[in-house]
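Residue-level listing of the chains:
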Amino acid sequence: MPGSTTSMPLDSFHEPYTRSGDDVSLDKVRDQITVLEDELRKKDIPLTGRIIHVCHYLPIVPTLNTRPNMPSPPATPPSKAGDVPPSPTSDPAASWSDNKAPSERSHATTDAAAWTLKPRYGHAAMISGIRSLSATHDQLIVGWTGDIQSPTQGERVTAATVGPKEREALDDALKGYITKESDGDLDVDDDDADAEARGLKRRKTAYVPVWLDDKVAHGHYDGYCKQTLWPLFHYLLWQDVATEYASADAHYEPYVKTCQAFADAIAKVYTPGDLIWVHDYHLLLVPRMIREAIPDATIGLFVHTPFPSSEVFRCLPRRKEILDGMLGATLVCFQTYSYSRHFTSTCVRVCGYEITSRGIDVEGHVSTVMHCPVGIDAARVGRDVLRPGIKPKLEALRNLYEGKKIIVGRDKLDFVKGVLQKLRAFEKLLQDYPEWIGNVVLIQVTSPALTDSPKLERQVSELVAHINGEYGSLDFIPVHHYHQTLKKDEFYALLSVADLGVITPLRDGMNTTSMEFVIAQERTKKSPSVLSEFMGISKHMEDALQVNPWDLGGVAKAIHQGLVMSNEEKASRHARLHRVVTTHTSHHWAAVLVKNLLGQMGGEGQARQTPYIPKEVLERRYNSAKKRLFLFDYDGTLAPIVKVPSHATPSPQTLQALSALSSDPANLVYIISGRDGAFLEEHLGHLTDVGFSAEHGGFMRDRGSKEWVNFTEKLDMEWMGEVLEVFKYYTERTTGSHIEVKKSSITWHYRSADPEWGQFQCRQCQDLLENNLAHKRPIEVLVGKKNLEVRPIAVNKGEIVKRILYQNPDAEFIFCAGDDKTDEDMFRALLLFSSGQTKATMEPPLSITLIDDDDASSSSPTSTSAEPKYKPVDLAIDKEAVFTTAVGHSSKRTLASWHVTTPQEIVEHMLELVRDVQGGDEGFGQRVKREEKGEESKL
Ligand SMILES: O=P(O)(O)OC[C@H]1O[C@H](O[C@H]2O[C@H](CO)[C@@H](O)[C@H](O)[C@H]2O)[C@H](O)[C@@H](O)[C@@H]1O
């Protein structure tokens, strides 16, 4: 009996196909990119050296200086110098469009300064990462224009009213915007003179605006993104949506339309050899849409938010569409291992997709999954914290709270940021450690969230008032709450002055403030921070005091620990954190993504693209052939895969196609299946002109015959009992699995079991069979579609194909289709031509020399004693008339020359070939049959 299997090691289960960002320096990663690109070029794989980034927003705010279709007013005067942009972590949709940034300027356009362009703030980590790539690559950034502002008219302009002339003018203005150069260490608001002085050079960056109808754009963002996906990804499950909106599905349509507009924009600018990176949860359908338009594209998808557990994600009504959309990518990357594990598990559990050593397999297209946190632009933050405006603000804060420890919190006022829980934990600190009353203040800044929640704002204010009422006095206010947007200097002054940072979101994709805090503290106190364990970056910041934000006592204790920490401990923790934050930067992240995406091209990572079957060639070859062979697998080829094997019955169209094909005497039609004879007879046996092979080549029934030839008759079949015992063992421990016992093969099915457990058990079972049985018994263990099969090693589908071909060397057309690994034996058998050969000869196959004939060396009555009974035969077939066809995705690994995507397409192609028989033109066989009978042509 098998040894006992213990609990499933879920984590290690995912290890083979999920990789993390490398732990090597940025320079090293850039060197690796160069090496990879050289290798790819040597292999003649096209590479343009350009990266297309697809971001929800353009990192530029275009402002229309003119009222659409009105004469142009004078260009907007430049903004006041010295105005400070808001915090780099703020949301772009919080629209900073009225702030004048240092680099803001009008651009001369075809329509005399029709547009003013200025940097869009927000998503600083992502944008800095993208921009850093301009050190090594040309870049194209595709993004939505955002709402079009028109300050001169003091009103918002709808995208629909921006005519083609203005759109063209924006394209021109954007071209003007790209002239700044950088080695990737520059920021969007660095000025050119500064850059030149530092000797920095940028590769070309261009921008492609995506125009969206206002209603669609807002249905997409305010609707599906913010009301459906955002809460789901942060484990909030639409408490409000359920009451305030029709359903979680309400805004799906604008989401699709928006994604399609992005995919269309990319298809227009794409050149073979570009790398494409799609960013974030706003655009999850885009990878698949691009794949449909450009099947060979190399596409990465980076998800900046968390990805929830499969039990949460499965609540999404459009779960399959969203997952399929994401799986159009070649590489899907998350911030952390746990998000990537949730994603993979969701693909397996919700969609039933298989996991291979390369990644998640969707009908043969494999998406690799990895994780790598974004990090921040540490160099830039390092420069920012030295801004001269910070010092006076910092000193003012110090004076204000002299003699007291300062705890700092700065969060967006969004439920998931956990501000309420943080305030309660602070109250708990004052309760559990009363020595802090009068000696510690919490400065909590909340910036307005995109979707303002007056309820949350009220709750926060009430709680602050309660704590201050309870623990404050005339000369001591414990909590200082500011609900406002901080300017950059104020933000860094606040982080720098703190004795403790408390950043405790309930869920956060990454969290940049926690890393900015470390950089800000480098020059001041090296104060520690209390961080939520539910942030993407937490795993990398083990030297912070990590807490569960829901555990108020635990958070209070960590705050106390941070406040009383010795200077030595602070310094050593800080040093380690500083190393992490300055090593895993956004620049490093961006380079790692590019390196990994390149790694998917050309080599092991990227399967060959199998072209779609060329319908016209197929028809032409069919019509000109005097004899044709059709060799079909059954499950997954003639019938779609379904949950219960006995339900996989042929559709009326399949039967019609098989009947029409086989009724043409020029056609020999065979179904070569893993099914047993009984199943094939029951559902297809009435097709008397069709021949069958059952149990992966174990049995054969020729057309017109009712007799099955058993090729396994003389084989040692003792192993069947042993395999059955093993399968029974695994069936007992795998609820939902079952055994299908056939005459000379056995299949263990786990499609209805828990997908992860089923697959895990399948691997265990396979190991056991291969290591304990297969080497001493004449068997082969086959991994099928959610099954494990064992059959005699002496038989396989390839042998049956060879046999049929050997017996029909005059065939001039071969169509052979299959969907799984066992069908690759058929395709291999049809690799008849070595390179340069146009005609082929075939040796007698084993199924004839060994199985049909007891005395393989004996001579036939007609042959001389020196001659073998079976001789090689010359085949009539041309190389181009062999149509081996895999059913599945074009990137599926296969020996087949062509592909179709579904069994339905196989049937449709067959019906096309015989449409003549059913009403139109007649085929070659029909014509011969009719002419033999002396009939006139129908036409
Ligand atoms: O060689 P094939 O004709 O492709 O048969 C291979 C096996 O197919 C069947 O199992 C598979 O199809 C079932 C129906 O769609 C599905 O429920 C199961 O999960 C698949 O593994 C069949 O039951 C096996 O006996 C065949 O060997």
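The rules behind each value
- Residues numbered from 1 in each chain as written.
- Predicted model: local features only at pLDDT ≥ 70, side-chain atom pairs only at ≥ 80, totals over all residues.
- Heavy atoms only, no water.
- pLDDT = per-residue confidence, 0-100.
- Contact = heavy atoms within 4.5 Å.
- Salt bridge = Lys/Arg side-chain N within 4 Å of Asp/Glu carboxyl O.
- Helix = DSSP H or I, 4+ residues; strand = E, 2+ residues; numbered from the N terminus.
- Buried < 20%, exposed > 50% of the residue type's maximum accessible area, 1.4 Å probe, protein only.
- Pairing = 2+ DSSP bridges.
- Axes fitted to C-alpha atoms, helices over the stretch in contact; angles between N-to-C directions.
- Expected span 1.5 Å × (residues − 1).
- Near = heavy atom within 4 Å.
- Polar contact = N/O pair within 3.5 Å; in protein donor to acceptor, adjacent residues only side chain to side chain.
- Areas by Shrake-Rupley, 256 points an atom, 1.4 Å probe, with all protein chains shown as cover.
- Nonpolar A, V, L, I, M, F, W, Y, C, P; charged D, E, K, R; others polar.
- Phe/Tyr/Trp six-rings, centres within 6.5 Å; stacked < 30°, edge-to-face > 60°.
- Lys NZ or Arg CZ within 6 Å of the ring centre and 35° of its normal.
- Core = buried A, V, L, I, M, F, W, Y, C linked by side-chain atoms within 4.5 Å.
- Right-handed = clockwise from strand over helix to strand, strands pointing away.
- Parallel < 35°, antiparallel > 145°, perpendicular 65-115°, else oblique.
- Left-handed = near helix turned anticlockwise from the far one by under 90°.

If you check an unreviewed UniProt entry, the protein appears there as Glycosyltransferase family 20 protein from Hohenbuehelia grisea.

**Things to note about the confidence of the model for the protein**
Averaged over all residues, the pLDDT of the protein equals 85, while 83% of them reach at least 70. Note that residues 70–110 has pLDDT below 50 and, in this model, 98 contacts with residues that lie over four places away or in other chains. Below pLDDT 50 for its whole length, residues 935–939 participates in seven contacts with residues either more than four positions away or in separate chains. Here the predicted complex scores 0.77 on pTM and 0.96 on ipTM.

**What about the pattern of salt bridges?**
Evaluated as defined, the whole model comprises 42 salt bridges. Here glutamate 619 and arginine 915 are joined by a salt bridge, their closest N and O atoms 3.7 Å apart. Taken together, the residues span a long stretch of sequence, with glutamate 619 in helix α22 (residues 615–624) and arginine 915 in the loop between α30 (903–913) and α31 (924–932) at a distance of 296 residues. For glutamate 619, a relative accessible area of 17% gives the class buried. Linking arginine 791 and glutamate 780 is a salt bridge whose minimum nitrogen-to-oxygen distance equals 3.1 Å. Taken together, the residues arginine 791 in strand β30 (residues 787–792) and glutamate 780 in strand β29 (residues 779–784) connect sequence positions eleven residues apart. Glutamate 780 gets classed as partly exposed once you look at its relative accessible area, which sits at 31%. Within this structure, Arg380, Asp384, Arg387, Lys488 and Asp489 form a network of salt bridges that share partners.

**Some words on the sheet that holds strand β22 (residues 628–632)**
Spatially, the eight strands line up as an open sheet ordered β26-β25-β24-β23-β22-β31-β34-β35, and their pairing is mixed. Edge strands, defined here as strands with exactly one partner in the open sheet, are β26 (709–710) and β35 (898–900). Strand direction decides the pairing type here: strand β31 (residues 813–818) and strand β34 (residues 882–887), joined by five bridges, are parallel. Its bridge partner lying in β34, phenylalanine 815 is registered against phenylalanine 883. Sheet contacts for helix α24 (residues 677–684): β23 (667–672), β24 (690–694) and β25 (699–701); angle to β24, the most-contacted strand, approximately 155°. Contacts from helix α28 (residues 821–829) reach β23, β31 and β34, with the element oriented near 160° to β31.

**Details of helix α19 (residues 552–564)**
Quick reminder: α-helices carry 3.6 residues per turn. Residues three or four places apart thus point the same way. For α19, spanning 13 residues, the distance from its first C-alpha to its last is 19 Å, which sits close to the expected 18 Å at 1.5 Å a residue. Of the residues making up α19, those classed as buried are Val555, Ala556, Ala558, Ile559, His560, Gly562 and Leu563.

**Section: the site of the ligand**
The local shell around the ligand holds 24 residues, among which Val642, Lys742, Arg751, Lys785 and Lys797 are the closest. Taking tyrosine 634, its main chain carries an N or O atom lying 3.3 Å from an oxygen atom of the ligand. Here lysine 742 contributes a side-chain N or O atom positioned 2.6 Å from an oxygen atom of the ligand. Across the complex, the protein chains shield 99% of the 570 Å² of accessible surface that the ligand would expose by itself. Those elements that place two or more of their residues in the shell around the ligand are β28 (746–749) and β30. Of the residues in the shell around the ligand, the class split is seven nonpolar, six polar and eleven charged.

**Overview of the sheet that holds strand β16 (residues 405–412)**
The six strands lie next to each other as β18-β17-β16-β19-β20-β21, forming an open sheet whose pairing is parallel. Each edge of the sheet is formed by a strand with only one pairing partner; in this case those strands are β18 (479–483) and β21 (545–547). Across the sheet, the axes of successive neighbouring strands diverge by a mean angle of 20°, strand direction being ignored. Of the pairings in the sheet, the one linking strand β19 (residues 500–503) to strand β20 (residues 529–532) comprises three bridges and is parallel in character. Of the residues in β20, the one forming a bridge with isoleucine 503 is leucine 531. Along the sheet, α19 makes contact with β16, β17 (440–447), β19, β20 and β21, crossing β21 at roughly 170°.

**Some thoughts on the packing of aromatic side chains**
Under the criterion given, the structure shown has 28 aromatic pairs. With a centroid separation of 6.2 Å and 85° between ring planes, the pair formed by tyrosine 57 and tyrosine 221 is classed as edge-to-face. Within this pair, whereas tyrosine 57 is found in strand β2 (residues 50–57), its partner tyrosine 221 is found in helix α6 (residues 214–233), the two being separated by 164 residues in sequence. Tyrosine 221 matches tyrosine 57 in its accessibility class, with the two residues each being buried. Taken together, Trp230, Phe233, Tyr281, Phe307, Phe313, Phe334 and Phe343 form an aromatic cluster joined through their ring pairs. Here the guanidinium or amino end of lysine 226 rests over the ring plane of tryptophan 230, the centre of that ring lying 4.0 Å away. Above the plane of the ring of phenylalanine 679 lies arginine 675, whose end atom (NZ or CZ) is 3.9 Å from the centre.

**A closer look at unusual backbone geometry**
For residues other than glycine, phi is negative in most cases, and the peptide bonds are mostly trans. Residues other than glycine seldom take positive phi values, yet histidine 123 does so here, at roughly 50°. Here histidine 123 lies in the loop between β5 (115–119) and α3 (124–132). We classify histidine 123 as partly exposed; its relative accessible area is 33%.

**A closer look at the environment of alanine 591**
Considering the arrangement of structural elements, one finds alanine 591 in helix α21 (residues 586–599). Relative accessible area serves as the criterion here: at 2%, alanine 591 is assigned to the buried category. C-alpha separation for the pair alanine 591 and lysine 28, spaced 563 residues apart in sequence, amounts to 9.8 Å. In this structure alanine 591 touches Leu26, Val29, Ile33 and Leu133, once residues within four positions along its chain are discounted.

**Brief notes about the side chain of lysine 422**
Take lysine 422: it is sitting in helix α15 (residues 419–432). Here lysine 422 falls in the buried class, since its relative accessible area comes to 3%. The residues contacting lysine 422, other than those within four sequence positions of it, are Gly409, Arg410, Asp411, Gln444, Val502 and Thr504.

**Concerning the nonpolar core**
Judged by nonpolar contacts, the single largest core of 84 residues is most densely connected at Trp115, Leu117, Trp277, Met541, Trp589 and Leu598. It is α21 that provides the largest number of residues to this core, a total of eight residues. Residues Ala206, Cys259, Tyr270 and Phe343 belong to the second largest nonpolar core, which totals 64 residues.

**Structural notes on the side chain of threonine 346**
Assignment of secondary structure puts threonine 346 in helix α12 (residues 337–351). On the basis of relative accessible area, threonine 346 is assigned to the buried category, the value being 0%. In this view, threonine 346 contacts Phe307, Pro308, Ser309, Ser310, Phe313, Leu323 and Cys351; residues no more than four positions away in its chain are not counted.

**A word on the pairing of β22**
Burial analysis of β22 places five of its five residues in the buried class, which makes it a mostly covered element. Direction of pairing for β22 relative to β23: parallel, over a ladder of five bridges. Bridge pairing in β23 places leucine 629 opposite leucine 668. Tracing the backbone out of β22, into helix α23 (residues 652–663) and back to the parallel element β23 gives a crossover that is right-handed.

**Quick notes on the packing of helix α8 (residues 252–269) against helix α9 (residues 286–293)**
Where α8 contacts α9, the axes come no closer than 9 Å and their chain directions differ by 45°. One way to sum up the angle between α8 and α9 is to call them oblique. For α8 against α9, the interelement crossing comes out right-handed. Facing α8, whose interface residues are Val256, Cys259, Gln260, Phe262, Ala263, Ile266 and Ala267, α9 presents Val286, Met289, Ile290 and Ala293. Of the residues assigned to the contact of α8 with α9, the class counts are ten nonpolar, one polar and no charged.

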